[in-house]
Amino acid sequence: MQKSIIVENLSKNYFNKEAVKEISFTIKENEILGLLGPNGCGKTTTIAMMLGLLEPTKGKVIIHGQDIEKNRISLLHKMNFISPYIELPKKLTVRENLIVYGKLYGVKLISERIKYLSEKLRLNEFINTKTGELSSGQKNRVSLAKALINEPSILFLDEPTASLDPETGDFVRSFIEKISKEKNMSILLASHNMNEVKRLCKNVLMMNNGVIIDQGTPDNLIKKHGKRNLEEVFLKLNRNNNES
Amino acid sequence: MSLNRIYGLFLRHFFLIKGSFPRILDLIYWPTIQIILWGFISKFFTIYSDYYNNTVGVILTCAILYDFLFRSSISFNMLFLEEIWSRNFTNLFIAPMRISEIITALVGTALIRTLIGLVPAILITSPLFGISILNLGIPLFFLFLSLYIFGITLGLFVSSGLLRYGPAFENIAWSSLFLLAPLGCIYYPIEILPDLFQDIAKGLPLVYIFEEARSILVNQVVNYSNLRDAFILNAIYLLIGISLFYYSFSQARKKGSLINIGE
C-alpha cells in the first residue's frame, strides 16, 4: 500500500517553546491513523502543519509526493478538516454553506454533491435551516459534509465526535469507517475517545510534550504495556512521561 | 446588595481593560479624535464664515463622499471580522484559496456592500435638502473611484493587523478612519491645520480628493491635478497594503495565529 503522507522530523517552536519536536510518521492509503495525547501535547500544532496553516520550524510534510510548503494550494484541493473548534457561518443555511465551500474547493457538480452528502449524512430535513439553529449533532454532520464536499483523499479529524450523544457519535463513526474504505482515504484522527480510536484506527501514535512516546496497533499497544484497554495504556504512558 | 459581588463584577471589567493596551487606547482615542476634528471644523467656520455660499450643499456632499470612504473600508474589514466572529476563519484558510483570490473577492464584495448603503443616502438628499451629489458631474466618478481605492487600502492595512494579531486588532478596524478624518480635510481646506499636520496631511490622498470636491462645488472649477495626485498616492498605498497583507499572512503562518484566531 502506498504512503499518502510522510512526516519527516517535523518541529515547531513558538518563541522559545518547542511545541513539536522532530516527529516522524507515515499514513498509508486507506489507513486511519489515531493521534492520541493529553491537551497541549502538540496534536493540533501537528495537524496545522500538515494542513499548511502553520510553517514548520524544521522538517517536512510530504503529501502524495509533494511538499505541503511548496504546493500548499494544489494539495489543499485534496484535503479537508473537521474540528469542533471551528464552525461554519451560523447565519447561512446548510445548503448555502455547502454551496460556498463547494465553490471554494472548485467542485464541478455542486448540486449533485450536496444531494449525495445530504442523503448519506441525513441532512435533508434541515438542509434549508440556518446552521446556527441546528443541534450539536446536526452541526457535526454538516461539518462532516463540508469536510467531504471536495471528495478529499486525505482527511484530518480533530475530535469528530466530541460532545455528541452516543447514537450520533456511533452514526458518525460508522460513516467515517464506511467512507474511508469506499473512497480509499487516508485519515488522521485526533481523539480523546479511546473506544473510538480502537474501533477506527489501524495504528496509533501516542504523543506527549511534543514527541511521539509510543506507536503501534491498538491491540499491540495494549498487549505490550500489559493493560486491559487503550485508555489504561494512555494513562500509563502519560504518567510515566510526566514523571520522567 | 452585596458590595463583594458588585466589586467582583467591577474587577471582571477592570482586569480586562488593564490587560489590554488596545482597549485603553480605544478609551482615550475617541474623545481625542472628536475634539480635534470638531475643533478644526469650528476654527474653519469662525475664520471663514463667508467661505461657502452653499454651506449645506458642500457639507452634505463631503459627508456623503466621506461616508463612501468609510463604508468601503469598513465593508472590507467587516468581511474579515465576520469570519472571525463566526469561527469560520480556519475553514477559509484550509480551502485552496490564493491570497490574491481572497483580496479580489473582498474588494468586489465590499463594493456591493458599500453601494447598498450609499445609494439610498444619495437618493434622500435631493428631496430632503434639495441637493444632488450628481452636480459634481463626471469627476464624481473619479472621486468615488479614488475614495474606494483608498478605502480598500485602509481595509487591507486593518485586515493585515487582524490576520496577524486576531480580534485584539478589532478596535483599530473601527477607529482607523476616524484618525484620518481630521487630517483628511474633509470639511475644511488644508490651511486650517497647523503646519506639522499640513505636512502629514499632504501625504494622504483624501486631502486632494476633498479639495477637488470643494473646488467643483464652490468655484465650479475642475482641477485634474488634484485627482492625479490622489491616484498617485493611492497607487503607492495600495501596493504597500497588498504587500503588507501577504507579509501578515506569512507571519500568521509562522506564529500560528491562523489556528486560534477566533479564540
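Read on for a plain summary of the structure. Predicted, not measured: the structure shown is a model, and the values here were computed from it. (Residues numbered from 1 in each chain as written. Chains lettered and ligands numbered in written order. Predicted model: local features only at pLDDT ≥ 70, side-chain atom pairs only at ≥ 80, totals over all residues.)

As for the overall build of chain A
Within chain A one finds 9 helices and 10 strands. The C-alpha atoms of chain A give a radius of gyration of 18 Å, which matches the 18 Å a tight globule of 244 residues would have. By residue count, 45% of the 244 residues in chain A fall in the buried class. Within chain A, counting contacts between residues at least 6 apart in sequence, those at least 24 apart form 67% of the total. (Helix = DSSP H or I, 4+ residues; strand = E, 2+ residues; numbered from the N terminus. Rg over C-alpha atoms; globule rule 2.2 N^0.38 Å. Buried ≥ 20, exposed ≤ 12 C-beta atoms within 10 Å, placed from the backbone. Contact = placed C-beta atoms within 7 Å.)

Concerning unusual backbone geometry
All names here are of chain A. Positioned with a positive phi, Glu-159 is a non-glycine residue whose angle comes to about 45°. Looking at the secondary structure, you find Glu-159 in the loop between strand S7 (154-158) and helix H6 (166-182). Classification of Glu-159 as partly exposed rests on a count of 19 C-beta atoms within 10 Å. One non-glycine residue, Asn-209, adopts positive backbone phi at about 50°. Residue position: Asn-209 is located in the loop between strand S9 (203-208) and strand S10 (211-216).

Some words on the packing of helix H6 (residues 139-165) of chain B against helix H10 (residues 224-255) of chain B
Residues and elements named next belong to chain B. For the pair H6 and H10, interaxial distance at closest approach is 8 Å and the crossing angle is 20°. As summarised for this structure, H6 and H10 are arranged roughly parallel, according to the angle between their axes. As for how H6 packs across H10, the hand of that crossing is left-handed. Class assignment for the residues of the contact of H6 with H10 results in 17 nonpolar, 8 polar and 1 charged. (Axes fitted to C-alpha atoms, helices over the stretch in contact; angles between N-to-C directions. Parallel < 35°, antiparallel > 145°, perpendicular 65-115°, else oblique. Left-handed = near helix turned anticlockwise from the far one by under 90°. Nonpolar A, V, L, I, M, F, W, Y, C, P; charged D, E, K, R; others polar.)

A short note on the pairing of S10 of chain A
Residue and element names in this part refer to chain A. Note: S9 against S10, 5 bridges, orientation antiparallel. Note on S10: the bridge partner recorded for Val-204 is Gly-216. Counted between consecutive antiparallel strands, the loop separating S9 from S10 contains 2 residues, among which Asn-209 sits at a positive phi close to 50°. (Pairing = 2+ DSSP bridges.)

Focus on the environment of Asn-16 of chain A
On the secondary structure map, Asn-16 of chain A appears in the loop between strand S1 (3-14) and strand S2 (17-28). The spatial distance from the C-alpha of Asn-16 of chain A to the C-alpha of Arg-113 of chain A is 46 Å, given a sequence separation of 97 residues.

Describing the packing of helix H9 (residues 205-219) of chain B against H10 of chain B
Residue and element names in this part refer to chain B. Relative to each other, H9 and H10 sit at 155°, their axes nearing to 8 Å. Our classification of the angle between H9 and H10 gives roughly antiparallel. Read as a crossing pair, H9 and H10 show a hand that is left-handed. Contact residues: Pro-205, Tyr-208, Ile-209, Glu-211 and Glu-212 in H9; Asn-226, Leu-227, Asp-229, Ala-230, Leu-233 and Asn-234 in H10.

Regarding H6 of chain A
All names here are of chain A. The end-to-end C-alpha distance of H6 is 24 Å, a good match for the 24 Å that 17 residues give at a rise of 1.5 Å each. Every buried residue of H6 is accounted for by Val-172, Arg-173 and Ile-176. Looking straight down H6, one finds that the buried residues subtend no more than 100° of arc, so they occupy a single side. Residues of H6 that are exposed and point over 90 degrees away from its buried face: Glu-167, Ser-174, Lys-178, Lys-181 and Glu-182. Each element contacted by the buried residues of H6 is listed here: helix H5 (136-148), S7 and helix H7 (194-200). Among the residues trailing H6, Asn-184 stands out with phi positive, at a value near 55°. (Expected span 1.5 Å × (residues − 1). Arc of directions from axis to C-beta.)

Here's the deal with the nonpolar core
In this structure, Leu-51, Ala-145, Leu-188 and Leu-189 of chain A together with Leu-65, Leu-147 and Phe-210 of chain B are the most contacted members of the largest nonpolar core, which totals 126 residues. The biggest single contributor to this core is H6 of chain B, with 13 residues. In terms of domain composition, this core takes at least three residues from each of domain 1 (3-78 + 152-243) and domain 2 (87-150) of chain A. The residues contacting Leu-147 of chain B, other than those within four sequence positions of it, are Leu-65, Phe-68, Leu-69, Ser-72 and Ile-209 of chain B. (Core = buried A, V, L, I, M, F, W, Y, C linked by C-beta atoms within 7 Å. Domains from an automatic or database assignment.)

Digging into the interface of chain B and chain A
On the chain A side, the residues contacting the 16 residues of chain B number 19 residues. Contributions of two or more residues to the side of chain B that touches chain A are made by helix H4 (89-93) and H10 of chain B. Take the side of chain B that touches chain A: its biggest share by element is 3 residues, from H4 of chain B.

Overview of the pairing of strand S3 (residues 32-36) of chain A
Residue and element names in this part refer to chain A. With 5 of 5 residues buried, S3 is to be regarded as a mostly interior element. Where burial is concerned, the two faces of S3 agree: the one with Ile-32, Gly-34 and Leu-36 and the one with Leu-33 and Leu-35 are both buried. Relative to strand S8 (residues 186-190), S3 runs parallel, the two being bridged by 4 bridges. Each residue of the ladder has a partner; that of Leu-35, found in S8, is Ala-190.

Remarks on helix H3 (residues 94-104) of chain A
Residues of H3 of chain A that are buried: Val-94, Asn-97, Leu-98, Val-100, Tyr-101, Gly-102 and Leu-104 of chain A. At the exit of H3 of chain A stands Gly-106 of chain A, carrying a positive phi of roughly 70°.

Considerations on the sheet that holds S3 of chain A
All names here are of chain A. Spatially, 6 strands are ordered S6-S7-S8-S3-S9-S10 in an open sheet, and the strand pairing comes out mixed. At either end of the open sheet lies a strand with only one pairing partner, and these are strand S6 (79-82) and S10. Recorded for the sheet is a direction-independent mean angle of 15° between the axes of neighbouring strands.

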